[in-house]
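Given next are the chains, with one letter for each unit.
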Amino acid sequence: MNYISTRGGETAVDFQTAVLTGLARDGGLFLPAEIPDVRPELTAWASLDYSALALEVMRRFADLPADDLRAMIGGSYATFRHPDVTPVVPVNGVHILELFHGPTLAFKDVALQFLGRVFEYYLAQSGRRLNILAATSGDTGSAAIAGVRGRRGIRIFVLYPHGRVSPAQERQMTTVPDNNVFCLAVRGSFDDCQTIVKTIFNDLAFRDRYELGAVNSINWARLLAQIVYYFYGAFRVMAQTGARTVRIVVPTGNFGDIFAGYLAARMGLPISRMILATNENDILARFFNTGVYRRGTVQATLSPSMDIQVASNFERYLYYLVGCDPREVCRLMETFAHSGKLRLDGVTGAGVDPLFAAGTCMTADALATIREFYEQHGYLLDPHSAVGVHVGRQFLSPAEPMLALATAHPAKFSEAICKATGRDIAHHPVLDALANLPQRRTVLPAETEAVRAFLREHIP
Ligand SMILES: *Cc1c(COP(=O)(O)O)cnc(C)c1O
């Protein structure tokens, strides 16, 4: 499979190039040149275990020898603590797809365990090295670090907003002792971190000199790994309920996770509705309901991994929405860059896309949802998953089950759980073990130059 850029300014590249470079050189994002129709395979795929299913899905997109791909998938999901990797649990009228059984207890492990192995594989073949530069609103950083710590030929530099990630999230990054790991606490918002990373990547001479690569959700291999659990989760729900179609609700920030679900739907998985759930930072919900994508100011909430106003994967979806026309993508993205706003023409009351529905969950409702699920069903939702469940329940249908993605283990956000339930009950031995370990981090101003200088200093 070849990969094209959403901005059309680049000839098609292969899987390896798309994965190792992350962002296309014209500033666009990589997309597969075509989306395979897998409807003839669905019956056979429905009974596969997670790793076998992952192999079937991924080999349609990744030009890797089947045995090598199988080994990377096997290694990635052997790190998960549940035999089903991503089990589906029916609770209180929804089906929860638990994506948090990986090493750092967030769904990002599903993709980053795989990506770390793919990087090491290609680097070993070429004798090259890679310096990963990543911005995180909390969970990506620790999952990326867990994916590449100690791996040969790789260094990782993680930028996160100083004081705006949870203490547990910060410890998961800063207590990793491997000397290929660098944690940078930036005095600014997540969007500032992301802008710095983008600016540095767009300096092609610097990027080449320092052999920079990305693990942010703009990296194609991450989306690829995430497509798998949409199939897995939908198959489990259909088997549990006998339904032939499903609705799926996704707590959304950077639009990476839900975009993987969109691709699964385009491949032929019978998803009747993709439901996008945001917290108070609702730029995407507003877009899907009105056709206007307008930047707001970031508000800190109890679901910090969704405190995002500019969603880095949105451009990929926009490409399909405007009929795969890269010139139109360029025009819209340039308008957005200058004015902080873009508008799609001809949007009616039905919203932008019949496949999508969108809603916002305020903090009070997220807390109430956590409390209700805990008190009435003994089930603990983390605050991100609660945003999804709350919005998903507004779109329930008697004919179709609702699959709600649970993106983090509640123990990662124990303060929010305490606030919701009045009890300190969200714990996990993996996190408790970090409490007294030494931390390593460098605090930097929110300036591209400061980060550039740090890289120069630490990359020989
Ligand atoms: C990253 C993250 C999200 C948002 O996912 P996107 O792909 O950025 O939309 C939601 N919940 C949790 C716990 C996360 O870590």
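Check the entry above for the structure.
Residues numbered from 1 in each chain as written. Predicted model: local features only at pLDDT ≥ 70, side-chain atom pairs only at ≥ 80, totals over all residues. Heavy atoms only, no water.

S.K.: Honestly, helix α16 (residues 383-392) in this entry has me stumped. Any pointers?
M.R.: Along an α-helix, residues three or four positions apart point the same way, because every turn accommodates 3.6 residues. With 10 of 10 residues buried, α16 lies mostly within the body of the structure. Pro383, His384, Ser385, Ala386, Val387, Gly388, Val389, His390, Val391 and Gly392 are the residues of α16 that are buried. (Buried < 20%, exposed > 50% of the residue type's maximum accessible area, 1.4 Å probe, protein only. Helix = DSSP H or I, 4+ residues; strand = E, 2+ residues; numbered from the N terminus.)

S.K.: Looking at this model, I keep getting lost on unusual backbone geometry. Mind explaining?
M.R.: Note: most residues except glycine have negative phi, and most peptide bonds are trans. Backbone geometry at Val85 places phi at a positive 65°, although glycine is not the residue there. Following the sequence through the fold, Val85 ends up in the loop between α4 (66-78) and β3 (88-91). A positive phi angle, close to 50°, is found at Glu211, a residue other than glycine. For Glu211, the location among the structural elements is in the loop between α9 (204-209) and β8 (212-213).

S.K.: Just checking my understanding: could you explain the site of the ligand for this structure?
M.R.: Near the ligand lie 15 residues; those nearest to it are Lys108, Asp139, Gly253, Asn254 and Thr407. Within the backbone of Gly253, a nitrogen or oxygen atom sits 2.8 Å from an oxygen atom of the ligand. One of the backbone N or O atoms of Phe255 is found 3.1 Å from an oxygen atom in the ligand. Judged by the proximity of its atoms to the pocket grid, the ligand belongs to the largest cavity. In the shell around the ligand, the residues fall into five nonpolar, seven polar and three charged. (Near = heavy atom within 4 Å. Polar contact = N/O pair within 3.5 Å; in protein donor to acceptor, adjacent residues only side chain to side chain. 1 Å grid on protein atoms, 1.4 Å probe; cavity = no way out; pocket = protein on both sides within 12 Å on 5 of 7 lines; lining within 4 Å. Sits in = over half its atoms within 2 Å of the grid points. Nonpolar A, V, L, I, M, F, W, Y, C, P; charged D, E, K, R; others polar.)

S.K.: Got a minute to help me understand empty space enclosed by the protein in this structure?
M.R.: Left-over empty space is what a probe sized like a water molecule reveals as it rolls over the atoms. Evaluated as defined, the whole model comprises four cavities of 30 Å³ or more. Quantified by volume, the largest cavity comes out at close to 280 Å³. Elements with a minimum of two residues in the lining of the largest cavity: α6 (139-148), α8 (190-201), α10 (220-241) and α11 (256-267). Here the lining of the largest cavity takes three residues from α11, the largest share from any one element. The residue makeup of the lining of the largest cavity, split by class, is nine nonpolar, 15 polar and four charged. Quantified by volume, the second largest cavity comes out at close to 60 Å³. In terms of lining, the second largest cavity is formed by Gln194, Val197, Lys198, Phe201, Ala214, Asn216, Ile218 and Ser312. For the lining of the second largest cavity, a count of residues per class yields four nonpolar, three polar and one charged. (Points joined across faces, edges and corners; volume = space filled by probe spheres on them.)

Taken by themselves, the reported measurements are silent on function.
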